[in-house]
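# Observations on the three-dimensional arrangement
If you want the building blocks of each chain, they are given just below.
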Amino acid sequence: MAGRGSRGRAERRSAGALESEVLAALWATERPLTPAEIQHGIGGGLAYNTVHTILKRLYDKGLVLRDADGRRGAYRPAKNAAELTAEAMHEALDRGPDPIAALQQFVTGLSAEEERALRELLAGDGA
């Protein structure tokens, strides 16, 4: 949500932050949501047009699907949060010059619980 800056004015959220909030709202429910429902759920004084613009951007990126509902449209995520995160991780590995070194750095920062889960997945026990 937007906070207050040092001069008392509302701070603007970045497009990426707004996209994340909209996706989080969509992931939090099992049914498609209209822009008005998303606007209400996010709060923070966002204009309807802002929510609609963010949904259009997410649609153009293939991150949300639009379901026709009479004259109104409702949106649902194209991928769940885990799928989107895994895709971002694969893209990050593909961009770097040494993906093995990146993976080594990544796993050294895992918590004990995450490390245990990773070991189970690699052993074929956690699928």
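Since this is a predicted model, take the numbers as computed values, not measurements.

## Observations regarding the overall build of the protein chain
Along the backbone of the protein chain there are 6 helices and 2 strands. In the protein chain, the order of α-helices and β-strands from amino to carboxyl end is α-α-α-β-β-α-α-α. Put simply, the protein chain has 127 residues, and 20% of those count as buried. For the protein chain, the accessible surface area stands at approximately 9,200 Å², while carbon and sulfur atoms represent 52% of it.

## Some points on the nonpolar core
Counting 17 residues, the largest nonpolar core has V22, L26, I38, I42, L55, L58 and V64 as its most contacted members. Looking at this core, the elements that each hand over two or more residues are helix 1 (15-27), helix 2 (35-42) and helix 3 (48-60). Considering each element in turn, this core owes the most residues, 5 residues, to helix 1. Discounting chain neighbours no more than four positions away, the residues touching L26 are L33, I38, L55, V64, Y75, R76 and P77.

## A short note on helix 3
An α-helical turn contains 3.6 residues, so any two residues separated by three or four positions project in the same direction. Here helix 3 contains 13 residues, and its C-alpha end-to-end distance of 18 Å stays within 8% of the 18 Å for a straight helix at 1.5 Å per residue. Turning to helix 3, its buried residues are V51, I54, L55 and L58. Projection of helix 3 onto a plane perpendicular to its axis shows the buried side chains occupying an angular sector of 100°, all on one side. Projecting away from the buried face of helix 3 at angles above 90 degrees are the exposed residues N49 and D60. Immediately beyond the C-terminal end of helix 3, within one or two residues, lies G62, with a positive phi of roughly 80°.

## Let's talk about the side chain of E19
Relative to the helices and strands, E19 is located in helix 1. Take E19: its relative accessible area is 10%, and that puts it in the buried class. In this structure the side chain of E19 is engaged in a polar contact, spanning 2.9 Å, whose partner is the side chain of K61. Not counting residues up to four positions away in its chain, the partners in contact with E19 are I54, R57, L58 and K61.

Reading the values: rules and limits
Residues numbered from 1 in each chain as written. Predicted model: local features only at pLDDT ≥ 70, side-chain atom pairs only at ≥ 80, totals over all residues. Heavy atoms only, no water. Helix = DSSP H or I, 4+ residues; strand = E, 2+ residues; numbered from the N terminus. Buried < 20%, exposed > 50% of the residue type's maximum accessible area, 1.4 Å probe, protein only. Areas by Shrake-Rupley, 256 points an atom, 1.4 Å probe, with all protein chains shown as cover. Core = buried A, V, L, I, M, F, W, Y, C linked by side-chain atoms within 4.5 Å. Contact = heavy atoms within 4.5 Å. Expected span 1.5 Å × (residues − 1). Arc of directions from axis to C-beta. Polar contact = N/O pair within 3.5 Å; in protein donor to acceptor, adjacent residues only side chain to side chain.

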